[in-house]
Amino acid sequence: MPRLFTGLEIPPDIAERLSFFRGGLPGARWVEPSDYHITLRFLGEIDDVVAADLDAGLAEARARPAFTVTLDGLASFGGDRPRALYASVVPSPELTELQEEHERIARRAGAAPERRKFTPHVTLARLNREATPEAVARTLTQAGVFPRLTFTARRAALYSARTSRGGGPYLVEAAYPFGDGPFELDEEADGS
């Protein structure tokens, strides 16, 4: 059974800038920059019929224009038991609508409802017990000012993940361009 999720790809120039925050935190398993993404809907291991229905639903989704995505800081999940270090994503109506659409498509395909609240983010590291709350706080403080990073999302992707501890590598199985043309990673061309 494939292990799948939908998401937005992070352009290479943004991934490179995020990679500057890697290192120096005991207990961190750093995500490879090529695997950075914003998860829209995690599905986990699903059967081939659900996967095919999901792909068909995503391919038939309503046309939407490309939209701006902004990353605005570093934070961690888990509080007293930190489990991930991430770059936060500024919520936007376009991003929320896209995530809600992916949820509806996943349910129609036969996936169980998502129980977690959508918190858009880019996971930079998964943390084990060695990553104490104090060490995480120190890392966040020492990271300094986080420059707002902005890119244009031009497509959604269906990813597969090999079954492994900590995720990746991730593979784009299918891509679903938004209504304003083909996906491009060159963000300078659009003037942003």
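Quick caveat: nothing in here was measured; it's all calculated off a predicted structure.

So, how was this worked out
Residues numbered from 1 in each chain as written. Predicted model: local features only at pLDDT ≥ 70, side-chain atom pairs only at ≥ 80, totals over all residues. Heavy atoms only, no water. Pairing = 2+ DSSP bridges. Helix = DSSP H or I, 4+ residues; strand = E, 2+ residues; numbered from the N terminus. Axes fitted to C-alpha atoms, helices over the stretch in contact; angles between N-to-C directions. Contact = heavy atoms within 4.5 Å. UniProt positions renumbered as here; feature names shortened; annotations may be inferred. Polar contact = N/O pair within 3.5 Å; in protein donor to acceptor, adjacent residues only side chain to side chain. pLDDT = per-residue confidence, 0-100. Buried < 20%, exposed > 50% of the residue type's maximum accessible area, 1.4 Å probe, protein only. Salt bridge = Lys/Arg side-chain N within 4 Å of Asp/Glu carboxyl O.

Whenever I open this one, the pairing of strand β4 (residues 67–77) confuses me. Can you help?
Walk down a regular strand and you will see the side chains alternate between the two sheet faces. Across five bridges, the pairing between β4 and strand β7 (residues 149–153) is antiparallel. Across the sheet, the residue bridging to Thr68 is Thr152, located in β7. As paired strands, β4 and strand β5 (residues 84–89) are joined by six bridges and run antiparallel to one another. Each bridged residue has a counterpart across the sheet, and for Leu74 the counterpart in β5 is Ala87.

Honestly, the sheet that holds strand β1 (residues 3–9) in this entry has me stumped. Any pointers?
Pairing is antiparallel across the open sheet formed by four strands, whose spatial order is β3-β1-β8-β9. Here the strands that pair on one side only, and so sit at the sheet edges, are β3 (37–45) and β9 (170–177). This sheet shows a mean twist of 25 degrees between the axes of neighbouring strands, independent of strand direction. Where β1 meets strand β8 (residues 155–161), four bridges bridge the pair, whose relative direction is antiparallel. If you follow Leu4 over to β8, its bridge partner there is Ser160. Together, β1, β3, β8 and β9 form the strand contacts of helix α2 (residues 48–59), whose direction differs from that of β9 by roughly 35 degrees.

How should the UniProt feature "active site" (unreviewed entry) in the protein chain be read in this particular structure?
Under the present numbering, the feature "active site" (unreviewed entry) in UniProt falls on His37 and His121. Look at the named residues: they lie 85 residues apart in sequence, but the longest C-alpha span between them is just 8.1 Å, so in the fold they bunch up. Note that His37 resides in strand β3. Excluding its chain neighbours within four sequence positions, the residues that come into contact with His37 are Phe5, Leu8, Ile10, His121, Val122, Thr123, Tyr159 and Tyr170. A distance of 2.8 Å separates the side chain of His37 from the backbone oxygen of Asp35, its partner in a polar contact. With respect to the helices, strands and loops of the structure, His121 is situated in strand β6 (residues 121–127). Ignoring anything within four residues of it in the chain, the contact list for His121 reads His37, Ile38, Thr39, Phe77, Tyr86, Ala87 and Val89.

What is the right way to look at the confidence of the model for the protein chain in this model?
The predicted coordinates should not be examined in detail at positions where pLDDT is low. Averaged over every residue, the pLDDT of the protein chain is 90; the share at 70 or more is 89%. Predicted confidence is poor over residues 181–192, with pLDDT under 50, and the contacts of this stretch with residues over four places away or in other chains come to 15 contacts.

Where do I start with the side chain of His102 in this structure?
Inspection of the secondary structure puts His102 in helix α3 (residues 93–109). Of the residues examined, His102 reaches a relative accessible area of 3% and is grouped as buried. Residues in contact with His102, not counting those within four places in the same chain, are Thr6, Leu40, Arg41, Leu58 and Ala156.

Explanation requested: the sheet that holds β6 in the structure shown.
Remark on secondary structure: sheet strands pair via backbone hydrogen bonds, oriented parallel or antiparallel. Spatially, the five strands line up as an open sheet ordered β2-β6-β5-β4-β7, and their pairing is antiparallel. Sheet topology places β2 (28–30) and β7 at the edges, where each strand pairs with a single neighbour. Averaged over all pairs of adjacent strands, the angle between strand axes in this sheet comes to 35 degrees, irrespective of strand direction. In this structure, β2 lies alongside β6, joined through three bridges in antiparallel fashion.

Hey, could you run me through the pattern of salt bridges in this one?
Between side chains of opposite charge, a pair can form as their charged atoms come close. Summed over the entire model, instances satisfying the criterion amount to seven salt bridges. For Glu97, the salt bridge goes to Arg62, with nearest N and O atoms at 3.5 Å. Note that Glu97 is positioned in helix α3 and Arg62 in the loop between α2 and β4, a separation of 35 residues in sequence. Relative accessible area serves as the criterion here: at 46%, Arg62 is assigned to the partly exposed category. Note that Glu103 and Arg107 form a salt bridge whose closest N and O atoms lie 2.7 Å from each other. Here Arg107 and Glu103 lie together in helix α3, a separation of four residues that amounts to about one turn. Given the relative accessible area of 10%, Glu103 is considered buried. Look at the salt bridges and you will find they share partners, linking Arg41, Glu103 and Arg107 into a network.

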